[in-house]
Amino acid sequence: MDIYLRPGGVMEGEIMKKRRVLAIIIGLCLMLGLAVVSFSVLPYNGETNWSALYFEADLENIYNQSLDELKSAYEEITTLDYYEINSQFLEITYPKVKDEFLYGFEYGNAEKQVVGKETIYQTKCFQISKNCFDKFDIEISTGRTFSDEDMEYRPGKNIPIIVGYEYADELEIGDVLKGVYIQDEFTYEIIGILQDGSNIDLGGQEVSLNRYLLMPSFNIKEKPTNAEDDMFQVRHYANKLSGKLYYGTFNDFFKDYRKIRSINKEILQSEGEIIF
C-alpha cells in the first residue's frame, strides 16, 4: 500500500508550535514593557524618599459644600507617614517686622505694603504638624514646642508661634503679634525660640528656619458659622492636604500611592484631587 503524506504537514505543525511560543514570548515582553513604563512614570523619588502632595481643586466651586469631604480625606491621609509643611505667609500688622524676615528679601524685594496708616509685613512662616519636630530634629533653645492642645483650634484663643533663632534679639517668650493667616485676623503668642541652625527638609532641599515663624497646622472641629468661615476652613484644609509624604521603600510608596488614589476616588470624588 502506498502511503501519501500531505506536503508540508509535519513541518507546518512544528511551525505553528514555534509561532505560538513566539507569540507568548512577545506577549510577555509587551506586558513587562508596559509594567516598566508604568512604574517609570510613577512619582516615586528613590533618592530622597519624599514626595510633595498638592490638593488641586477649583476652590470657588467647592465652598459651602465640600468641607466634610476635605476633613475626611485629611483623617485618612494622616494614617500614612505624612507631614504637614506649608509655607503660607503671615501678614503681620503688629509689631514692625524687619526686612530680613519677609518674603522676597533674598531677592532684593522684601514684601510689605502700606494700606492707609497700616503697614502689612508678609512674613516667612511654615504651618507644620507636630510630628515634624521629631522627624527633622527641630529643637528649641528657649520656651517649648507645640502641645497636643496647640494643634486644636479654639475660637478666641491666641495662636502659638515659635520663632527662628534670628528673632531672639527682636522678640521674646510671651510677646504677641497680630496679623492675617489666609483671610482671617488672629493674635499670635510666642511660646518658643528655635536653636540656631534649625532646618526643615523639603524633599532634598533644606531650608534654614532662622528667619521663619512656625505655627501649628491646627485642626478645626467646629462647623463653619457662616460663608466666610466655610471659605477659611476649606482653604485651610486644602493647605493641610498639601504636605509631604515619606516612604522607606518603593513598596511603601506604592501602597501609599494606591491609598491616595482611593482617597481621591472614594472620598473626594469630584470635589478635588490630591496629586503628587
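Residues numbered from 1 in each chain as written. Predicted model: local features only at pLDDT ≥ 70, side-chain atom pairs only at ≥ 80, totals over all residues. Heavy atoms only, no water.

## Thoughts on the overall build of the chain
Then comes step 1: Scanning the chain from N- to C-terminus turns up 6 helices and 17 strands.
Then comes step 2: Out of the 276 residues belonging to the chain, those deemed buried represent 40%.
Then comes step 3: Within the chain, contacts between residues separated by at least 24 positions form 74% of all contacts whose residues are at least 6 apart in sequence.
Then comes step 4: Counting only carbon and sulfur atoms, one obtains 50% of the accessible surface of the chain, whose full area is about 16,000 Å². (Helix = DSSP H or I, 4+ residues; strand = E, 2+ residues; numbered from the N terminus. Buried < 20%, exposed > 50% of the residue type's maximum accessible area, 1.4 Å probe, protein only. Contact = heavy atoms within 4.5 Å. Areas by Shrake-Rupley, 256 points an atom, 1.4 Å probe, with all protein chains shown as cover.)

## Here's the deal with the packing of aromatic side chains
Then comes step 1: In this structure the tally under the stated criterion is 25 aromatic pairs.
Then comes step 2: On the basis of an interplanar angle of 80° and a centroid distance of 5.8 Å, the ring pair of Tyr 74 and Tyr 237 is categorised as edge-to-face. Of this pair, Tyr 74 sits in helix α3 (residues 67-77) while Tyr 237 sits in helix α5 (residues 227-240), and the two are 163 residues apart along the sequence. Here the two residues Tyr 74 and Tyr 237 agree in accessibility, since each one is buried.
Then comes step 3: Considering the side-chain rings of Phe 250 and Phe 253, the 5.8 Å spacing of their centres and the 40° angle between planes classify their relative orientation as tilted. Of this pair, Phe 250 and Phe 253 are both found in helix α6 (residues 250-268), 3 residues apart, which corresponds to roughly one turn of the helix.
Then comes step 4: A relative accessible area of 25% places Phe 250 in the partly exposed class.
Then comes step 5: Taken together, the ring pairs in this structure connect Tyr 44, Tyr 247, Phe 250, Phe 253, Phe 254, Tyr 257 and Phe 276 into an aromatic cluster.
Then comes step 6: The ring of Tyr 246 has Lys 135 lying over it, and the distance from NZ or CZ to the ring centre is 3.6 Å. (Phe/Tyr/Trp six-rings, centres within 6.5 Å; stacked < 30°, edge-to-face > 60°. Lys NZ or Arg CZ within 6 Å of the ring centre and 35° of its normal.)

## Regarding the sheet that holds strand β16 (residues 244-246)
Then comes step 1: Read from one edge to the other, the open sheet built from 3 strands follows the order β1-β16-β3, with strand pairing classed as antiparallel. Every other strand in the sheet has two partners, leaving β1 (50-52) and β3 (82-83) as the edge strands with one partner each.
Then comes step 2: Examined bridge by bridge, β1 and β16 share 3 bridges and lie antiparallel to one another. Residue Ser 51 lies in a different strand from β16, and its bridge partner there is Leu 245. (Pairing = 2+ DSSP bridges.)

## Some points on the nonpolar core
Then comes step 1: By size, the foremost hydrophobic cluster in this structure holds 50 residues, and its most contacted members are Ile 77, Leu 90, Tyr 181, Tyr 188 and Ile 274.
Then comes step 2: Residues contacting Tyr 181, with those up to four places away along its chain left out, are Gln 88, Leu 90, Gln 127, Phe 186, Tyr 188, Met 215, Phe 218, Phe 232, His 236 and Asn 239.
Then comes step 3: In terms of nonpolar packing, the next biggest core, distinct from the first, is built from 21 residues, Phe 126, Ile 200, Leu 209 and Leu 214 among them. (Core = buried A, V, L, I, M, F, W, Y, C linked by side-chain atoms within 4.5 Å.)

## Looking at α5
Then comes step 1: Over its 14 residues, α5 runs 20 Å from end to end, which matches the ideal 20 Å to within 8%, given 1.5 Å per residue.
Then comes step 2: In terms of burial, α5 is a largely internal element, 10 of the 14 residues being buried.
Then comes step 3: Considered for burial, the residues of α5 that qualify are Asp 229, Asp 230, Phe 232, Gln 233, Val 234, His 236, Tyr 237, Ala 238, Asn 239 and Lys 240.
Then comes step 4: Put simply, Asn 226 is the residue that caps the front of α5, since its side-chain oxygen is 3.2 Å from the backbone nitrogen of Glu 228. (Expected span 1.5 Å × (residues − 1). Polar contact = N/O pair within 3.5 Å; in protein donor to acceptor, adjacent residues only side chain to side chain.)

## Considerations on the environment of Phe 55
Then comes step 1: Along the chain, Phe 55 turns up in strand β2 (residues 54-56).
Then comes step 2: When the C-alpha positions of Phe 55 and Leu 241 are compared, they lie 5.7 Å apart, and in sequence the two are 186 residues distant.
Then comes step 3: Residues within four places of Phe 55 in sequence aside, it is in contact with Ile 62, Leu 70, Ala 238, Leu 241, Ser 242, Leu 268, Glu 271, Gly 272, Glu 273 and Ile 274.

## So, the packing of α3 against α6
Then comes step 1: Relative to each other, α3 and α6 sit at 155°, their axes nearing to 10 Å. Classified by the angle between their axes, α3 and α6 sit roughly antiparallel to one another. α3 and α6 meet at a crossing whose hand is right-handed. On α6, the residues that touch Glu 69, Leu 70, Ser 72, Ala 73, Glu 76 and Ile 77 of α3 are Lys 259, Ile 263, Ile 267 and Leu 268.
Then comes step 2: Tallied by class, residues from the contact of α3 with α6 come to 6 nonpolar, 1 polar and 3 charged. (Axes fitted to C-alpha atoms, helices over the stretch in contact; angles between N-to-C directions. Parallel < 35°, antiparallel > 145°, perpendicular 65-115°, else oblique. Left-handed = near helix turned anticlockwise from the far one by under 90°. Nonpolar A, V, L, I, M, F, W, Y, C, P; charged D, E, K, R; others polar.)

## Digging into the pairing of strand β8 (residues 125-128)
Then comes step 1: Covered by surrounding structure in β8 are Cys 125 and Gln 127 together with Phe 126 and Ile 128, the residues of both alternating faces.
Then comes step 2: With 2 bridges joining them, strand β4 (residues 85-86) and β8 adopt antiparallel strand pairing. Looking at β8, one finds that Asn 86 is bridged to Gln 127.
Then comes step 3: Strand direction decides the pairing type here: β8 and strand β15 (residues 213-216), joined by 4 bridges, are parallel. Residue pairing in the sheet places Gln 127 in a bridge with Met 215 of β15.

## Notes on α6
Then comes step 1: Over its 19 residues, α6 extends 25 Å from the first C-alpha to the last, a length consistent with the 27 Å expected when each residue adds 1.5 Å.
Then comes step 2: For α6, the full list of buried residues reads Phe 253, Asp 256, Tyr 257, Ile 260, Ile 263, Asn 264 and Leu 268. With its buried residues spanning 115° around the axis, α6 presents them on a single face. Facing away from the buried side of α6 by over 90 degrees, the exposed positions are Asn 251, Lys 255, Arg 258, Arg 261, Lys 265 and Glu 266.
Then comes step 3: The inward-facing, buried residues of α6 abut β1, β2, α3, β16 and β17 (273-275). (Arc of directions from axis to C-beta.)

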